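Observations on chain architecture
Given next are the chains, with one letter for each unit.
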Amino acid sequence: MKALQQDLKRLDATDTQVLGVSMDSAFANKAFADQIGVTFPLLSDWGGDVTRKYGIYVDKYKAARRVNFLIGKDGKILEEQVDRDAIDPTKIVDTCERPKLKN
Amino acid sequence: MRNKLSNGLAASLLAGMLVFASAAPAGAQSTPASASSMPKVGDVAPDFALNYFDGNDLKPVSLSQYRGKKNVVVAFFVFAFTGG
């Protein structure tokens, strides 16, 4: 989440909203956001319905995998980063800055 | 005679163990079923409506509210207070 926060201005400039999601409570996520200086919403998927819908629920940990989805204005997925690859969102930021996505 | 018998027994035991050993890993290693149902690039992202806490109230956010307006990065993370 910190890495996305660092890239937030660049993402804002390309008409891109950032949303974090975890299976923690909304209140824990607010405290987490404050602690690490995140200003975008950290949504609560308490119970994991959305995490399961996205096929990234891990039974062993009863939590989500770390995955970034970049979704275009048409609602279609443009880019995905999974597990370790999701730690550095540079690929997603670069895609957002491609000229055709700026409209 | 006795030697032959025990040799035969040992061989069949060994064979049995080999069969068991080769069968075991297949059963022990289960691939996560969730991976197969993850939406792919080009798919329409499943809609969702979730809340975040802004310090005063729970605020609803849906993916569909950005349709036609903004790109969205949906960043799933494992647990609050772990890593970045």
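Quick note: structure is the one above.
First things first, this report covers the structure right here in the doc. (Residues numbered from 1 in each chain as written. Chains lettered and ligands numbered in written order. Predicted model: local features only at pLDDT ≥ 70, side-chain atom pairs only at ≥ 80, totals over all residues.)

1. A word on helix α5 (residues 90-97) of chain A
Note the following rule: Whether a residue is buried, exposed or partly exposed is read from the other C-beta atoms within 10 Å of its own C-beta, which are placed from the backbone; 20 or more gives buried, 12 or fewer gives exposed, and intermediate counts give partly exposed. Strands here are runs of E lasting at least two residues and helices are runs of H or I lasting at least four, both read from the DSSP assignment and numbered beginning at the N terminus. Relevant arc is that of directions from the helix axis to the C-beta atoms, nothing else. C-beta atoms are placed from the backbone for every residue, and two residues are taken to be in contact when these atoms lie within 7 Å.
The set of residues buried in α5(A) consists of A:I92, A:V93 and A:C96. The arc that holds the buried residues of α5(A), viewed along the axis, is 100°, so those residues lie on one side. Along α5(A), the residues that are exposed and aim more than 90 degrees away from the buried face are A:T90 and A:D94. Buried positions along α5(A) lie against α2 (8-13), β1 (16-22), β5 (67-71) and β6 (77-82) of chain A together with β3 (71-76) of chain B.

2. Notes on the interface of chain B and chain A
Defined as follows: Strand pairing is defined by DSSP finding a minimum of two bridges between the two strands.
Facing 39 residues of chain B, the contacting portion of chain A comprises 55 residues. At the level of secondary structure, the elements contributing two or more residues to the side of chain B that touches chain A comprise β1 (49-53), β2 (58-62) and β3 of chain B. At six residues, the largest contribution of residues to the side of chain B that touches chain A is made by β3(B). Where β1(A) meets β3(B), six bridges bridge the pair, whose relative direction is parallel. Within β3(B), the position partnered with A:G20 by the bridge is B:A75.

Shape descriptors only; they carry no functional weight alone.
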